[in-house]
Amino acid sequence: MVKLVFPKDFLWGTATASYQIEGAWNEDGKGESTWDRFSHTPGAIYQNQNGDVACDHYHRYEEDVKLMAEIGLKAYRFSISWPRIFPEGRGKINPKGVSFYERLINKLLEKNIKPAITLYHWDLPQALEDKGGWLNRDTAKYFSEYASFIFYKFGDMVPIWITLNEPFVNAFLGYAWGWHAPGKKDLKGAFVAGHNLLLAHGLAVQAYKEGGYNGNIGITINVAAVYPYTNSEEDLRAVQVQDAFENRWFIEPIFRKKYPEVIWKILEKNYLSFDFPISDFDIISSPIDFLGINYYTRNIVAHDESNKFLGLKRIEGPNERTEMGWEIYPDGLYDILIQLYRDYKIPIYITENGAAYNDKLENGKVEDNKRIEYLREHIKRAYFAIRDGVDLRGYFIWSLMDNFEWAHGYSKRFGIIYVDYDTQKRILKDSAYFYKKVIEENGIEE
Ligand SMILES: OC[C@H]1NNC[C@@H](O)[C@@H]1O
């Protein structure tokens with residue numbers, strides 16, 4: 001068997017997010033977040049579950065860092081809960097919140113695990129949502145104040161910074177389709193929210209660079225490789241539209257100082273275009289050090305004029321799917337890495353990749369062979385992308401542990417560590433031991 005060996009400093013990690021694992025939703029001075037409010041809304045979440053306790057990581061972080069060290073992680077991506085720092089979004093600081101993250105970061109550094117911090121993974125302070133949230137341009141300014149404080153506190157300890165996680169998901173699932181917090185349903189509002197998220201990103205990057213910190217800062221974008229259902233002209237155009245909407249809408253302003261033309265024209269045609277100072281693009285395009293991508297699956301699209309917005313429909317792929325119903329398509333990771341690096345020539349991290357399966361704890365073990373297969377095939381594609389010229393710096397499995405999967409509650413398990421929510425016991429799944437070996441050998445069998 002050929003061994004595929006990764007570059008010497010390749011960063012092997014796992015990822016989580018504050019609302020999905022911390023719990024302690026209203027403890028030690030933390031303010032309410034939009035996800036606290038949304039998950040407390042009857043009917044919003046599977047079986048009305050919520051993140052009040054989640055994986056109780058707020059109290060169990062030392063044990064969890066020990067497990068990360070046991071697996072041999074080189075890095076750990078987590079997010080800071082903005083309202084745990086600024087309960088009202090700005091102004092009064094919560095010292096116990098600051099102390100929690102200081103203790104977590106120090107524990108990671110003690111174990112030689114590089115912290116990779118996401119400043120915002122959707123849990124906006126509810127107090128800011130009450131003032132319009134991401135529909136209010138001022139929220140971008142408040143975000144840069146929050147970011148500046150975090151950089152001031154931890155900027156010299158943390159080498160990797162991610163401003164936002166998946167602005168597309170936050171803007172469209174939260175403000176257009178109502179599936180995520182704050183549960184609004186206004187397509188034009190979603191584009192405005194998306195713009196203010198990008199403005200927030202740019203202001204935070206400027207604050208980081210002005211602070212003279214010696215780490216790297218970037219953004220994390222959810223991407224799905226897109227393929228045509230047939231090779232007809234119409235389906236090929238549908239690929240362009242879908243790629244521009246879901247993959248490039250939040251990338252092009254950063255690297256090209258404009259929104260993808262094909263989508264902007266659709267907005268104008270549907271009276272969805274919105275006004276903003278063109279100088280915003282000077283802020284949004286503040287140079288970043290890397291692009292983070294979250295890859296899970298691909299999209300197959302076909303022309304469909306009954307869709308009055310994008311003029312396309314999604315076609316189910318033929319391959320096996322995970323518990324999320326997402327088709328397993330590892331080649332899509334290779335293809336999207338090649339495309340993005342070709343277009344932007346910027347270092348890339350895979351900041352999330354992983355699979356949900358209906359894991360069963362039996363005799364103290366979890367034999368998650370399907371997840372091992374999923375991870376193996378995607379790690380191989382990451383290797384082939386590096387072999388073919390992509391400056392890929394690292395790979396973070398989603399997720400370190402089973403956690404609150406947003407509207408699905410705890411019904412979807414993504415972790416390489418099993419969480420027994422009744423007892424909060426953690427059990428390493430077989431995939432954790434698989435990943436331990438990948439990290440030890442810095443590679444994988446072909
Ligand atoms: O759906 C799995 C993951 N996708 N990216 C964002 C994370 O918060 C999700 O849990």
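Residues numbered from 1 in each chain as written. Predicted model: local features only at pLDDT ≥ 70, side-chain atom pairs only at ≥ 80, totals over all residues. Heavy atoms only, no water.

Take the site of the ligand next. Contacts to the ligand come from Gln-20, His-121, Trp-122, Asn-165, Glu-166, Tyr-296, Trp-326, Glu-352, Trp-398, Glu-405, Trp-406 and Phe-414. His-121 has a polar side-chain atom sitting 2.8 Å from an oxygen atom of the ligand. Between the ligand and Glu-405, the relevant distance is 2.6 Å, taken from an oxygen atom to a side-chain nitrogen or oxygen of the residue. Here the shell around the ligand is composed, by residue class, of six nonpolar, three polar and three charged. (Near = heavy atom within 4 Å. Polar contact = N/O pair within 3.5 Å; in protein donor to acceptor, adjacent residues only side chain to side chain. Nonpolar A, V, L, I, M, F, W, Y, C, P; charged D, E, K, R; others polar.)

This brings us to the environment of Ala-190. By the secondary structure assignment, Ala-190 is in helix α9 (residues 187-210). Through-space distance from the C-alpha of Ala-190 to that of Leu-67 is 39 Å; in sequence the pair is 123 residues apart. (Helix = DSSP H or I, 4+ residues; strand = E, 2+ residues; numbered from the N terminus.)

Following the UniProt record, the feature "binding site: substrate" (unreviewed entry) maps to Gln-20, His-121, Asn-165, Tyr-296, Trp-398, Glu-405 and Trp-406 here. When near neighbours in sequence (up to four residues on either side) are disregarded, His-121 contacts Thr-16, Ala-17, Gln-20, Arg-77, Ser-79, Asn-165, Glu-352, Trp-398 and Trp-406. Looking at Glu-405, the relative accessible area reads 10%, which means it is buried. When residues no more than four places from it in sequence are discounted, the contact partners of Glu-405 are Gln-20, Met-324, Trp-398, Lys-412 and Phe-414. (UniProt positions renumbered as here; feature names shortened; annotations may be inferred. Contact = heavy atoms within 4.5 Å. Buried < 20%, exposed > 50% of the residue type's maximum accessible area, 1.4 Å probe, protein only.)

What follows concerns the environment of Leu-173. Looking at where Leu-173 falls in the secondary structure, it is placed in helix α8 (residues 167-175). Distance from Leu-173 to Lys-184, taken between C-alpha atoms, is 8.4 Å for residues 11 residues apart in sequence. The residues touching Leu-173, leaving out its near neighbours within four places in the chain, are Phe-168, Gly-178, Trp-179 and His-180.

Fine structural detail should not be taken from predicted coordinates in areas where pLDDT scores are low. Looking at the protein chain, the pLDDT average stands at 98 and 100% of residues meet or exceed 70. The ipTM value of the predicted complex is 0.99, and its pTM value is 0.98. (pLDDT = per-residue confidence, 0-100.)

Right, let's get into the UniProt feature "active site" (unreviewed entry) in the protein chain. In the UniProt entry, the feature "active site" (unreviewed entry) is given for Glu-166 and Glu-352. Maximum C-alpha separation among the annotated residues is 10.6 Å over a sequence range of 187 residues, consistent with a single clustered spot. Position of Glu-166 relative to the elements: it lies in the loop between β5 (160-165) and α8. Residues contacting Glu-166, with those up to four places away along its chain left out, are Trp-122, Thr-220, Asn-222, Asn-294 and Glu-352. Discounting residues that sit within four places of it in the chain, Glu-352 has contacts with Ala-15, Arg-77, His-121, Asn-165, Glu-166, Ile-293, Asn-294, Tyr-295, Tyr-296, Phe-396 and Trp-398.

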